[in-house]
Amino acid sequence: MKIALLGYGKMGKVIERIALERGHEIVLKKSSSTTFEGLKNADVAIDFSIPHCAVENISQCLNNGIPVISGTTGWLEHYDKMVALCNEKQGAFIYGSNFSLGVNLFFELNDYLAKMMSKFNQYNVSMEEIHHTQKLDKPSGTAISLANGIISNTDSKNSWSIENPKADEVFIDVKRIDPVPGTHSIFYTSEVDTIEIKHTAHSRDGFAFGSIIAAEWLIGKRGVFTMKDVLEL
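Residues numbered from 1 in each chain as written. Predicted model: local features only at pLDDT ≥ 70, side-chain atom pairs only at ≥ 80, totals over all residues. Heavy atoms only, no water.

## Considerations on the packing of aromatic side chains
Point 1. Per the stated rule, a full pass over the model turns up six aromatic pairs.
Point 2. Ring geometry for Trp217 versus Phe225: centroids 5.1 Å apart, planes at 85 degrees, classification edge-to-face.
Point 3. Judged by relative accessible area, which is 22%, Trp217 ranks as partly exposed.
Point 4. A relative accessible area of 17% places Phe225 in the buried class. (Phe/Tyr/Trp six-rings, centres within 6.5 Å; stacked < 30°, edge-to-face > 60°. Buried < 20%, exposed > 50% of the residue type's maximum accessible area, 1.4 Å probe, protein only.)

## Focus on the nonpolar core
Point 1. Ranked by size, the top nonpolar core spans 26 residues in total, and within it Ile3, Ile15, Ile46, Ile69, Ile94, Phe99 and Ala214 carry the most contacts.
Point 2. Listing elements by their share of this core, those giving two or more residues are strand 1 (2-6), helix 1 (10-21), strand 3 (44-47), strand 5 (92-95), helix 6 (205-218) and helix 7 (227-231).
Point 3. Look past the residues within four positions of Ile15 in its chain and what remains in contact with it is Leu5, Ile46, Phe48, Ala208, Ser211 and Ile212.
Point 4. By size, the runner-up hydrophobic cluster in this structure holds 20 residues, among which are Leu28, Phe36, Val55 and Leu85. (Core = buried A, V, L, I, M, F, W, Y, C linked by side-chain atoms within 4.5 Å. Helix = DSSP H or I, 4+ residues; strand = E, 2+ residues; numbered from the N terminus. Contact = heavy atoms within 4.5 Å.)

## Points about the sheet that holds strand 9 (residues 183-189)
Point 1. Pairing within the open sheet is mixed, and its five strands lie in the order 7-8-6-9-10. Taken across any chain shown, the strands that pair with only one partner, and hence form the sheet edges, are strand 7 (159-161) and strand 10 (194-200). Strand after strand, the sheet turns through a mean of 20 degrees between neighbouring axes, direction not considered.
Point 2. Of the strand pairs in this sheet, strand 9 and strand 10 are connected by seven bridges, and their pairing is antiparallel. Counted as the bridge partner of Thr189 is Thr194 from strand 10.
Point 3. Sheet contacts for helix 4 (residues 101-117): strand 9 and strand 10; angle to strand 10, the most-contacted strand, approximately 165 degrees. (Pairing = 2+ DSSP bridges. Axes fitted to C-alpha atoms, helices over the stretch in contact; angles between N-to-C directions.)

## Remarks on helix 1
Point 1. Taking 1.5 Å of rise per residue, 12 residues should cover 16 Å, and helix 1 covers 17 Å from first to last C-alpha, within 8% of that figure.
Point 2. The complete set of buried residues in helix 1 reads Met11, Gly12, Val14, Ile15, Glu16, Ile18 and Ala19.
Point 3. With its phi angle positive at about 90 degrees, Gly23 sits one or two positions after the end of helix 1. (Expected span 1.5 Å × (residues − 1).)

## A few points about helix 5 (residues 141-152)
Point 1. Between the first and last C-alpha of helix 5 there are 16 Å, a value that for 12 residues agrees with the 16 Å anticipated at 1.5 Å per step.
Point 2. Within helix 5 the residues assigned to the buried category are Gly141, Thr142, Ala143, Leu146, Ala147, Gly149, Ile150 and Ile151.
Point 3. Looking at the packing, one finds that the buried side of helix 5 touches helix 4, strand 6 (124-131), strand 7, strand 8 (169-176) and strand 9.

## Looking at the pattern of salt bridges
Point 1. Enumeration according to the criterion identifies nine salt bridges in this entry.
Point 2. Across the pair Lys175 and Asp173 runs a salt bridge whose closest N-O atoms are separated by 3.9 Å.
Point 3. Classification of Lys175 as partly exposed rests on a relative accessible area of 32%.
Point 4. Ionic contacts of the salt-bridge type, sharing partners, join the residues Arg17, Glu21 and Asp205 into one network. (Salt bridge = Lys/Arg side-chain N within 4 Å of Asp/Glu carboxyl O.)

This is how it looks when you write it as structure tokens:
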């Protein structure tokens, strides 16, 4: 499989290493100072760039018939536009706030626990997310996905907030501490106890491996998918 890497920072380099270990070829290493030359030679593209580059990267892929995986967060106000472009071009596209296999299982656990806890109004739910100081978006895309999972399964919560939360908001405590790759915790707290679930990433390898698994799965498909489709969750 020939892969175009859109974004060649720390994550791009980890993806490159794991892709080569799995026998794939890298045909483009796109950074902010280089062009898209070589994109048309790719079987699939993996975008781990920065928020203001994501839309252009995804658009270039879809306009050139290249299936694209995007793990860049902080640009989702344009997500519907990318979905429309994918459908127009009959392309293939996966966006994931987190491609780690463990995190995607954690998403399912979060949904299940939120549905269970919605019957017990003595518990208040809150979250904590910790990332390295180079993480640009606050809260993380993973934290937003987790918060939305809680909201969709809890009648008492309608939105989320990172400061001064109202009663109907899920509070997300955002912390930036080096060199943390990513830690996400959910707390259900009452006057007498706390129930906690937590996912801790030990390195970037899990995110990179999951994105390559998604890229391998996407070859030959058309449409807009998620990691739920890839992992059959």
